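Residue-level listing of the chains:
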Amino acid sequence: MSTSKVTVVICQAQGRNPAKRRLEEEIATALMMQPGVDVSLVPHLYDMSGDHSGMLFLRSVPGNLIVLGWLYERALRWTLDRSGVRGHEGLTLLKGEEDDDSDAEPTPSNGIGSVDIPQRKLYCIDLRVSEDADEYVREVRRIADENSVQTVDLMSWIGGSPEQSLLQRYLQPERILEARRASDSGQATVADRETLPEDTRRRWYPVIDYSRCTNCMECIDFCLFGVYGVDQLDRILVEEQDNCKKGCPACSRVCPENAIIFPHHKTPVIAGADGEVGGIKIDLSKLFGGDDGLSAIEMAVKERDTELILDGRKAVGDSVGLRKRDRDEIDDLMDELEALEM
């Protein structure tokens, strides 16, 4: 049976922050009452492995999909893409300051782009934008009213591996919320524990934004820990994510297109904020380099050497994996800014 609905998936925050828990519950409870909306809750998007039932559920959703999570919009989109959850970018009006680029001209993209994109729209919304649940509900309602399409009912769609019951748990958000409250209070029953998705652990790995990536391979040359590889189409990919060194974003700093995202890094542009290099929307002193005045390349070399030493290996400095680059507009702009300061 076909129904005109849009699916909303709320990716929960790491930990048990009460304010974040409350916002998630307020949004989920309000959306359950909305016609034309199916709502589900899954663990934190970045922490789920590819075979986690929450990720399998996301891959099973047909039709237009709205994903809310505690990451920048760009980080959400490309973390989903990495796990095979794809769609054409849907316009979201609810944005944070770093992502609000409504007055800027569209930046031409030379990226190689994603592959196997289905004919549906994927909307990504950062839950850090507002503390008001009503704002998210209104935005979901706007998207649902404008873009809902005929889709297969989720109950009849879900199947395959793993067992159908493991995926159907995500179709019962009320029960998940009850089980989560019981778990947080230390009063969870066996049934509560069986209702909750399997645990995740906090992870750290790069996510590639293929709308910016030009397949230059500078990241695979620079990284000495075997994180990157190439697929059957000779496209760069994150092959061994668990080889990545926690807290190290060095490969992001050497990427000439700012195409490598570390969603939990403290610097917005590395964490996936949508500010363009040419747009100068983010403080240039913190764009790619360090707070101590090091350039992006110098900072990347320092971070890589630190991890090599901790790994029992020798530091290599800038003698390995760096290509000589021609000056570009950013170099000229930095020189002009330094001259102004002087």
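Residues numbered from 1 in each chain as written. Predicted model: local features only at pLDDT ≥ 70, side-chain atom pairs only at ≥ 80, totals over all residues. Heavy atoms only, no water.

1. A word on the layout of surface pockets
Argument step 1. Of the volumes computed, that of the second largest pocket is approximately 480 Å³.
Argument step 2. Residue lining of the second largest pocket: 20 residues in total, with Q12, R21, P43, D199 and T200 positioned closest to the centre.
Argument step 3. Of the residues forming the lining of the second largest pocket, the biggest block, 3 residues, is contributed by helix α7 (residues 173-184).
Argument step 4. For the lining of the second largest pocket, a count of residues per class yields 4 nonpolar, 6 polar and 10 charged. (1 Å grid on protein atoms, 1.4 Å probe; cavity = no way out; pocket = protein on both sides within 12 Å on 5 of 7 lines; lining within 4 Å. Points joined across faces, edges and corners; volume = space filled by probe spheres on them. Helix = DSSP H or I, 4+ residues; strand = E, 2+ residues; numbered from the N terminus. Nonpolar A, V, L, I, M, F, W, Y, C, P; charged D, E, K, R; others polar.)

2. A word on helix α1 (residues 18-32)
Argument step 1. Taking 1.5 Å of rise per residue, the 15 residues of α1 would be expected to cover 21 Å, and the 21 Å separating its terminal C-alpha atoms lies within 8% of that figure.
Argument step 2. Considered for burial, the residues of α1 that qualify are R21, L23, E24, E25, I27, A28 and L31.
Argument step 3. Among the residues of α1, the N-terminal cap falls to N17, whose side-chain oxygen and the backbone nitrogen of A19 are separated by 2.9 Å. (Expected span 1.5 Å × (residues − 1). Buried < 20%, exposed > 50% of the residue type's maximum accessible area, 1.4 Å probe, protein only. Polar contact = N/O pair within 3.5 Å; in protein donor to acceptor, adjacent residues only side chain to side chain.)

3. Some remarks on α7
Argument step 1. With 12 residues, α7 ought to run about 16 Å at 1.5 Å a step, and its terminal C-alpha atoms sit 16 Å apart, in line with that.
Argument step 2. For α7, the set of buried residues is P173, I176, L177, A179, R180 and A182.
Argument step 3. Among the structural elements, α1, β2 (37-42) and α8 (190-195) are those in contact with the buried residues of α7.
Argument step 4. Phi turns positive one or two residues past the end of α7, at G186, with a value near 80 degrees. (Contact = heavy atoms within 4.5 Å.)

4. Structural notes on the nonpolar core
Argument step 1. Among the nonpolar cores identified, the biggest contains 77 residues, and I27, L58, I66 and Y228 are the most heavily contacted of them.
Argument step 2. In terms of residues, this core owes the most to one element, helix α4 (residues 133-147), which gives 6 residues.
Argument step 3. Sequence-distant contacts of L58, that is, excluding residues within four places in its chain, are made with V9, L45, M48, L65, V67, L80 and V85.
Argument step 4. The next biggest cluster of nonpolar side chains, apart from the first, holds 6 residues, and it includes F222, A250, A300 and V301. (Core = buried A, V, L, I, M, F, W, Y, C linked by side-chain atoms within 4.5 Å.)

5. Observations concerning the side chain of H52
Argument step 1. Examined against the element boundaries, H52 turns out to sit in the loop between β2 and α2 (53-60).
Argument step 2. Once you skip the residues sitting within four places of it in the chain, H52 turns out to touch P43, Y170, P197, E198, D199 and T200.

6. Here we look at the side chain of D192
Argument step 1. Take D192: it is sitting in helix α8.
Argument step 2. A relative accessible area of 8% places D192 in the buried class.
Argument step 3. One polar contact links the side chain of D192 to the main-chain amide nitrogen of T189, over a distance of 3.0 Å.
Argument step 4. Apart from the residues within four sequence positions on either side, D192 is in contact with R175, A179, A182 and Q187.

7. Overview of empty space enclosed by the protein
Argument step 1. If you walk through the whole model with that rule in mind, you get 4 cavities of 30 Å³ or more.
Argument step 2. Size it by volume and the largest cavity reaches roughly 110 Å³.
Argument step 3. Residue lining of the largest cavity: 14 residues in total, with C223, F225, C244, C248 and C251 positioned closest to the centre.
Argument step 4. By volume, the second largest cavity amounts to about 90 Å³.
Argument step 5. What lines the second largest cavity is a set of 14 residues, and nearest its centre among them are C213, C216, C219, C255 and A259.
Argument step 6. Taken together, the residues of the lining of the second largest cavity break down into 9 nonpolar, 2 polar and 3 charged.

8. Observations concerning unusual backbone geometry
Argument step 1. One non-glycine residue, N215, lies in positive phi territory at about 65 degrees.
Argument step 2. Residue N215 is classed as partly exposed on the basis of its relative accessible area of 22%.
Argument step 3. The phi dihedral of M217 is positive, around 70 degrees, even though this residue is not glycine.
Argument step 4. Given the relative accessible area of 18%, M217 is considered buried.

9. Regarding the confidence of the model for the protein chain
Any segment with low pLDDT has predicted coordinates that should not be analysed in fine detail.
Argument step 1. In this model, the protein chain carries an average pLDDT of 85, and 79% of its residues clear a pLDDT of 70 or more.
Argument step 2. Within the protein chain, strand β6 (residues 149-152) has the poorest average pLDDT of any element, 50, and strand β7 (residues 207-208) the best, 98. (pLDDT = per-residue confidence, 0-100.)

10. A look at the pattern of salt bridges
Argument step 1. For the structure on display, the rule yields 24 salt bridges.
Argument step 2. One salt bridge in this structure joins E25 and R181, with 3.1 Å as the shortest N-O distance. Note that E25 is positioned in helix α1 and R181 in helix α7, a separation of 156 residues in sequence.
Argument step 3. By relative accessible area, which is 39% here, R181 ends up partly exposed.
Argument step 4. Measuring nitrogen to oxygen at the nearest pair gives 3.4 Å for the salt bridge that ties D242 to R201. Taken as a pair, D242 in the loop between β9 (236-238) and α10 (250-254) and R201 in the loop between α8 and β7 lie far apart in primary sequence, 41 residues in all.
Argument step 5. What makes D242 exposed here is its relative accessible area of 52%.
Argument step 6. A cluster of three or more residues bridged by salt bridges with shared partners is formed by E24, E25, R180 and R181. (Salt bridge = Lys/Arg side-chain N within 4 Å of Asp/Glu carboxyl O.)

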